[in-house]
Amino acid sequence: MVDFRIHTFLKLCDLMNYRATAEALSMTQPAVTQHIQYLEHEYGCRLFRYDGRKLHKTEAAEKLEACARSAVHNDKA
C-alpha cells in the first residue's frame with residue numbers, strides 16, 4: 001500500500017501549487033506542507049524549490065515522482 005503522503009506529493013507534482021493541491025485534496029495548505037516536509041525528511045533531500053514565486057521540482061523529486069507513479073499504478077492492479 002502506498003503512503004498517503006505520496007498521493008499528496010504526486011498531486012503537487014501535477015499542479016505545482018501548494019494552495020491548488022490543498023484545494024484539490026480537500027486539505028489545508030499547512031497539511032500539504034507537512035506531508036512534503038515529512039517526505040523530505042524521510043528521503044533526506046529537498047523535493048521542491050522556489051525560483052522567485054515559481055515552484056520547481058528538484059532532481060530528487062523527478063526521480064521520486066517516477067517511482068511513486070509506478071508504485072501507485074502497481075498498487076491499483
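Here goes a summary of the coordinates provided. Within every chain, residues take consecutive numbers counted from 1 along the sequence as written. Only residues with pLDDT of at least 70 get local features here, since the model is predicted, and only at 80 or more are side-chain atom pairs given and counted; chain-wide, interface and lining totals rely on the full set of residues. Values reported for side chains reflect all heavy atoms of the structure, with hydrogen atoms and water molecules removed beforehand.

1. Considering the overall build of the protein chain
Move 1: Of regular secondary structure, the protein chain possesses four helices and two strands.
Move 2: The way it works is that DSSP assigns letters per residue, a run of H or I at least four long becomes a helix, a run of E at least two long becomes a strand, and they are numbered from the N terminus. The order of helices and strands in the protein chain, counted from the N terminus, is α-α-α-β-β-α.
Move 3: Only C-alpha atoms enter the radius of gyration; for comparison, a globular chain is expected to reach 2.2 Å times N to the power 0.38, where N is the number of residues. Compactness check: the protein chain gives a C-alpha radius of gyration of 12 Å against a globular reference of 11 Å for 77 residues, within 12% of the reference.
Move 4: In terms of its C-alpha atoms, the protein chain occupies a principal-axis envelope of roughly 40 × 30 × 20 Å.
Move 5: Note on exposure labels: buried denotes an accessible area under 20% of the residue type's maximum, exposed denotes more than 50%, and partly exposed covers the range between, all computed with a 1.4 Å probe on protein chains only. Each of the 77 residues in the protein chain was classed as buried or not, and the buried ones make up 34%.
Move 6: A total accessible area of about 5200 Å² is found for the protein chain, and carbon and sulfur atoms account for 50% of it.
Move 7: Placing the 11 positive and 10 negative side-chain charges of the protein chain at their respective mean positions leaves the two points 5 Å apart. To measure how exposed things are, a 1.4 Å probe is used in the Shrake-Rupley method; for residues, cover is taken only from the protein chains shown. Think of it this way: Lys and Arg go in the positive column, Asp and Glu in the negative one, and His and the chain ends go nowhere. For charged residues, the charge sits on one atom: NZ in Lys, CZ in Arg, CG in Asp, CD in Glu.

2. Some points on helix α4 (residues 59-76)
Move 1: For a helix, the expected span equals 1.5 Å multiplied by the number of residues minus one. The terminal C-alpha atoms of α4 lie 26 Å apart, and with 18 residues this matches the ideal 26 Å at 1.5 Å per residue to within 8%.
Move 2: Among all positions in α4, only Ala-61, Leu-64, Glu-65, Ala-68 and Val-72 are buried. Down the axis of α4, the buried side of the element spans an arc of 110°, and every buried residue falls inside it. Projecting away from the buried face of α4 at angles above 90 degrees are the exposed residues Glu-59, Lys-63, Ala-66, Cys-67, His-73 and Asn-74.
Move 3: Looking at the buried side of α4, the elements it contacts are α1 (4-15), α3 (29-43) and β2 (54-57). Arc, as used here, means the arc of the directions from the helix axis to the C-beta atoms. Contacts were defined at the residue level, with two residues in contact if any of their heavy atoms lie within 4.5 Å.

3. Things to note about the environment of Ile-6
Move 1: Structurally, the position occupied by Ile-6 is in helix α1.
Move 2: Placed 39 residues apart in sequence, Ile-6 and Cys-45 show a C-alpha to C-alpha distance of 15 Å.
Move 3: Ignoring anything within four residues of it in the chain, the contact list for Ile-6 reads Leu-39, Tyr-43, Leu-64, Ala-68 and Val-72.

4. Re the packing of aromatic side chains
Move 1: Classification of ring pairs rests on two measures: the distance between centres of Phe, Tyr or Trp rings, Trp counted by its six-membered ring, which must be within 6.5 Å, and the angle between planes, read as stacked under 30 degrees, edge-to-face over 60 and tilted in between. Taken as a whole and judged by the stated rule, the model has one aromatic pair.
Move 2: A ring pair is formed by Phe-9 and Phe-48, whose centres lie 5.8 Å apart and whose planes are at 55°; its orientation type is tilted. Within this pair, whereas Phe-9 is found in helix α1, its partner Phe-48 is found in strand β1 (residues 48-51), the two being separated by 39 residues in sequence.
Move 3: Judged by its relative accessible area of 2%, Phe-48 is buried.
Move 4: Whether a charge sits over a ring depends on NZ of Lys or CZ of Arg being within 6 Å of the ring centre and within 35 degrees of the ring normal. Here the guanidinium or amino end of Arg-5 rests over the ring plane of Tyr-38, the centre of that ring lying 3.6 Å away.

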